[in-house]
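# Working through the structure, step by step
As a plain string of letters, each chain reads:
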Amino acid sequence: MRKKIVAGNWKMNKVFSEAETLITEIADALDEVELINTEVVLCPPALYLEMATDVAYESNFKVGAQNVYPADSGAFTGEISPLMLKALNVSYCIIGHSERRKYFKESHDFLLQKIDALLKHDIRPIFCCGELLPERESNQHFAVVKKQVEESLFHLGVDAFSKVVVAYEPVWAIGTGVNASKEQAQEMHAYIRQLIAGKYDVETAENTTILYGGSCNGKNALELFSQPDVDGGLIGGASLKAEEFMQIVSSL
Ligand code: PGA
């Protein structure tokens, strides 16, 4: 059975003391709940990964990075390697987020290299895909997502692919307060699962965790997560408050 996941993408928010408080609050709240076949992943800024993995060691969540450079070491000023992440017990890494595609011009090919670099160290990529508003309005959303998934993931063999988590994040829903409807989310998630079944096999598709992201919050999580192909969420703004984040976790 595929795992359910709620992942918090903190983006570039919180100074250290605030990050410590938020992580501690979430860790304490997680102590009170029983998670069955469910993983909670916190993805703070890179500076706080060590603190987060220290807390995670005695708690019920995993730690994810927001970015990685596709080389183990070398002259890449300012970058962080998968080897460094692994040494800190980081379990996941977000790849292909629309903000990185847009502001840092990350190409399909660069994302592919990052995916390979992570998998080499057994770090699970959370691969983001999703269309822009004009692409949905012109009915190209399926084609856009298909291309993103095919070009950055479908070179993988089936064993490597089984480590990947997919996150469908329509760009028009990210940080806007306008989430995809449950029907829109379900339709795209089922489509992605069908692509995976076509490339690999039905079992691999059924075992792949596909998250929804984009203005998912404490109010709409239950409705979105109740869809058969929505296996949890990648949460931005609403992951920055412990209470709301825990409300989302308990919506799984
Ligand atoms: P949001 O962001 O929940 O603030 O819309 C989601 C994301 O970018 O992963």
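First, a word on what this report is: a plain description of the structure on this page. Since the model is a prediction, treat every value here as computed from it, not as a measurement. (Residues numbered from 1 in each chain as written. Predicted model: local features only at pLDDT ≥ 70, side-chain atom pairs only at ≥ 80, totals over all residues. Heavy atoms only, no water.)

Below, the discussion takes up the overall build of the protein chain. Secondary structure assignment for the protein chain yields twelve helices and eight strands. The C-alpha radius of gyration of the protein chain comes to 17 Å, within 12% of the 18 Å expected for a compact globule of 252 residues. Looking at the 252 residues of the protein chain, the share that counts as buried comes to 52%. Sequence separation of 24 or more characterises 70% of the internal contacts of the protein chain that already satisfy a separation of 6 or more. Of the side-chain charges in the protein chain, 23 are positive and 35 negative, and the distance between the mean point of each set is 5 Å. (Helix = DSSP H or I, 4+ residues; strand = E, 2+ residues; numbered from the N terminus. Rg over C-alpha atoms; globule rule 2.2 N^0.38 Å. Buried < 20%, exposed > 50% of the residue type's maximum accessible area, 1.4 Å probe, protein only. Contact = heavy atoms within 4.5 Å. Lys, Arg positive; Asp, Glu negative; His and termini not counted. Charge placed at Lys NZ, Arg CZ, Asp CG, Glu CD.)

With parallel pairing, the eight strands of this closed barrel are ordered in space as S1-S2-S3-S4-S5-S6-S7-S8. For this sheet the average axis-to-axis angle between neighbouring strands, irrespective of direction, equals 25 degrees. Pairing of strand S2 (residues 38-43) with strand S3 (residues 62-65), which is carried by two bridges, proceeds in the parallel orientation. Bridging from a neighbouring strand, Val-41 pairs with Lys-62 of S3. The sheet strands contacting helix H7 (residues 141-153) are strand S5 (124-129) and strand S6 (165-168), and the helix crosses S5 at an angle near 150 degrees. (Pairing = 2+ DSSP bridges. Axes fitted to C-alpha atoms, helices over the stretch in contact; angles between N-to-C directions.)

Grouped together as the largest cluster of nonpolar side chains are 65 residues, with contacts concentrated most on Phe-61, Phe-127, Leu-153, Ile-192 and Tyr-212. If you look at the next biggest cluster of nonpolar residues, it comprises twelve residues, including Tyr-92, Ile-94, Ile-126 and Leu-234. (Core = buried A, V, L, I, M, F, W, Y, C linked by side-chain atoms within 4.5 Å.)

Neighbouring the ligand are 13 residues, the closest being Lys-11, His-97, Glu-169, Gly-175 and Ser-215. A distance of 2.6 Å is found between an oxygen atom of the ligand and a side-chain nitrogen or oxygen belonging to His-97. Here the ligand, which alone exposes 280 Å², has 94% of that area covered by the protein. For the shell around the ligand, the residue count by class is four nonpolar, seven polar and two charged. (Near = heavy atom within 4 Å. Polar contact = N/O pair within 3.5 Å; in protein donor to acceptor, adjacent residues only side chain to side chain. Areas by Shrake-Rupley, 256 points an atom, 1.4 Å probe, with all protein chains shown as cover. Nonpolar A, V, L, I, M, F, W, Y, C, P; charged D, E, K, R; others polar.)

In this section: the pairing of strand S1 (residues 4-9). The side chains of a regular strand alternate, first on one face of the sheet and then on the other. Of all six residues in S1, five are buried, a share of seventy percent or more. Direction of pairing for S1 relative to S2: parallel, over a ladder of six bridges. When the sheet's bridge partners are listed, Ala-7 is paired in S2 with Val-41. Handedness of the crossover joining S1 and S2 through helix H1 (residues 16-31): right-handed. (Right-handed = clockwise from strand over helix to strand, strands pointing away.)

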